[in-house]
Amino acid sequence: MSLLLPALVVFLLLNLVAGLWRVFLGPTAADRMLSALLFGSTTVAMLLVLAQWQQSPALRIAALLFVMLAAITSIAFVALTQGRVAARRAPAPPVEPRQ
Amino acid sequence: MSHAEVWVVAAAAVFGIGLYSLLIAAHLLRQLIAIKVMGSAIFLVLVVAAGPIDGALDGLPKALVLTGIVIAISAIAFALALLVRLAEVTGSTSLEDDADDDR
Amino acid sequence: MNLLIDVLIAIGLVVLAWQALVGGSLFRGIVMFIVFGLTMALAWARLGSPDLAMAEAAIGAGVTGALLMIAYWRLRALGASRPTPRSRLRARLALGVGVLSSVLVAMIGLAAVEAIGPGGEAGQALAAALPATGLGNPITGVLVIFRNLDTLLEVAVLLAAYVASRAALGDDKAALPLPPAQDAPLVGALVAVLAPLTVLVAIYLLKAGSQLPGGAFQAGAVLAAGGVLLMLAGRLHPAPLCGLGLRIALVAGTVVFSGVGIIMLALGQPLLAVPGTWAVYLIETAMMVSIGATLVLLFAGSAGLSGKALR
């Protein structure tokens, strides 16, 4: 049991690295934002495990904040990328580099 | 390497990356992100240097850093307002200092 | 195993900082910066400071990310040009400066770790003095009682940032552009759940802050996140004038904090003495309202807010 929780944290951290790879690859902005949100979910899981392992219940509240902010971030992303249509009237800056 | 040393070395690397980016980035928005990241690195050093890792006893540096986080967002928000105004007036998103160097 | 976890998070921080700052498009940089903020929150959690984890998630990543994104969107909407990249000579010089500064920070940090050691004198004094205040959270104790002049000035700095932004943007024209409101059915349902939830969580954080991690700053940032949500969903709109209620909300933190302090001075106590736990709650509530209102207005880039759209 004493080894299970830290091992879980390491496993989740490795998951984060995998998610990070996706953020790095893209290729579109939506891919990046989705993987950033996935990153957020994994972070929530890790905070919950850390709360149990480090005997620090307040981290559960931090996890709650993460979940709430992730929902708001996703709405912000939709709003701001739909706005790109309106911004297209302006001279368009170079698009994202494709790998 | 101890826990504290790991964090200090990482914070130092993050600070160096921030300063490097601040110097080479031309876009002011990127430079603002660089300043914010450098600030985070310093916060990390402050907390790690002052307290025991598990005891969580020393509240002073943490309160200091909490203050710092709010001051940082105040400064960033004002800088962003200046940046948007600069873009409105001049259409530019950088401070072209190179033009002055031709003297 | 513990060390491995710390090393993995630390490497993540360095890689994310590089991704956010060097190369790639600016939008990717902003997304990476938000992820960097989340990882910072994880680092704070590992360092045993849930207070900072919450503040970093809500303010450092959440609200700062929203401000950066809306500024990016506005720069595009304004059709601002993109700057030409810097010269290669400059990049080489910057590399040297970056490496040197990194070594400097590492040396100072390592020296400080060795010099101070665990639990400095100030921390022990704080732990000894805290029980007398009736507060359980040392950070709230420092912020509201022991170093409250700093906190008062900090709220004033936030107010100054709002006033300075107004001065920079000017009142004489229409508000800055905002993205079109999201009125899809799902968004409406999400707002109906999330907006009251932000208020509930903010009040919980405020109440918990006296004994457990939490406090006015985290609560204010959560309120601000709720305001940003309402604005993106088209329920709140920028207004050219700042209404009376909003003006009161903006200055509430500064006025209540300094007001309590001055009344105590008149009663023969030292300046900014806090008479009891009820005063801590009063001051923190006023600060939360001010922080939330100021951050939402900074996001809106307008003088005020209204329920009805402009025009």
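### Thoughts on the overall build of chain C
Thought 1: Counting its regular elements, chain C contains 11 helices and 2 strands.
Thought 2: Reading chain C from its N end, one meets helices and strands in the order α-α-α-α-α-α-α-α-α-β-α-α-β.
Thought 3: In chain C, buried positions account for 56% of the 311 residues.
Thought 4: A sequence separation of at least 24 residues applies to 75% of the contacts in chain C between residues at least 6 apart.
Thought 5: On chain C, roughly 12500 Å² of surface is accessible, and the fraction owed to carbon and sulfur atoms is 72%.

### Brief notes about the interface of chain C and chain B
Thought 1: Each side of the interface is counted separately: chain C has 88 residues, and chain B has 76 residues.
Thought 2: Interface area lost by chain C to chain B is led by C:Leu21, C:Leu47 and C:Arg86, which between them contribute 11%.
Thought 3: Where chain C packs against chain B, one counts 0 salt bridges.
Thought 4: Linking chain C to chain B there are 6 residue pairs in polar contact (both at pLDDT 80 or more).
Thought 5: The greatest single-element share of the side of chain C that touches chain B, amounting to 15 residues, is contributed by helix 4 (residues 88–116) of chain C.
Thought 6: Here the side of chain C that touches chain B is built from residues that sort into 59 nonpolar, 21 polar and 8 charged.

### So, the nonpolar core
Thought 1: Ranked by size, the top nonpolar core spans 174 residues in total, and within it B:Trp7, B:Leu29, B:Leu80, C:Phe36 and C:Trp44 carry the most contacts.
Thought 2: In terms of residues, this core owes the most to one element, helix 3 (residues 50–77) of chain C, which gives 18 residues.
Thought 3: Each of domain 1 (1–81) and domain 2 (135–311) of chain C gives at least three residues to this core.
Thought 4: When near neighbours in sequence (up to four residues on either side) are disregarded, B:Leu80 contacts B:Leu29, B:Leu32, C:Leu67, C:Leu68 and C:Ala71.

### So, the domain arrangement of chain C
Residue and element names in this part refer to chain C.
Thought 1: Parsing chain C into structural domains produces domain 1 (1–81) and domain 2 (135–311).
Thought 2: The centre of domain 1, based on its C-alpha atoms, is set 23 Å off from the matching centre of domain 2.
Thought 3: Between domain 1 and domain 2, the contact holds 13 residues from the first and 18 residues from the second.
Thought 4: For the pair domain 1 and domain 2, the two sides together bury roughly 1400 Å², of which 77% comes from carbon and sulfur.
Thought 5: Viewed at the interface, domain 2 and domain 1 are joined by 0 salt bridges.
Thought 6: The tally of links from domain 1 across to domain 2 stands at 4 residue pairs in polar contact (both at pLDDT 80 or more).

### Concerning the interface of chain A and chain C
Thought 1: Contact with chain A, which involves 51 residues of that partner, is made by 50 residues of chain C.
Thought 2: Buried surface at the junction of chain A and chain C, both sides included, amounts to about 4500 Å², of which 84% is carbon and sulfur.
Thought 3: A per-residue breakdown of the area chain A buries against chain C is headed by A:Met68, A:Ile75 and A:Leu80, which together make up 14% of the total.
Thought 4: Our enumeration of links across chain A and chain C arrives at 0 salt bridges.
Thought 5: Along the contact surface separating chain A from chain C lie 0 residue pairs in polar contact (both at pLDDT 80 or more).

Rules of the game
Residues numbered from 1 in each chain as written. Chains lettered and ligands numbered in written order. Predicted model: local features only at pLDDT ≥ 70, side-chain atom pairs only at ≥ 80, totals over all residues. Heavy atoms only, no water. Helix = DSSP H or I, 4+ residues; strand = E, 2+ residues; numbered from the N terminus. Buried < 20%, exposed > 50% of the residue type's maximum accessible area, 1.4 Å probe, protein only. Contact = heavy atoms within 4.5 Å. Areas by Shrake-Rupley, 256 points an atom, 1.4 Å probe, with all protein chains shown as cover. Buried area = accessible area lost by both parts, 1.4 Å probe. Salt bridge = Lys/Arg side-chain N within 4 Å of Asp/Glu carboxyl O. Polar contact = N/O pair within 3.5 Å; in protein donor to acceptor, adjacent residues only side chain to side chain. Nonpolar A, V, L, I, M, F, W, Y, C, P; charged D, E, K, R; others polar. Core = buried A, V, L, I, M, F, W, Y, C linked by side-chain atoms within 4.5 Å. Domains from an automatic or database assignment.

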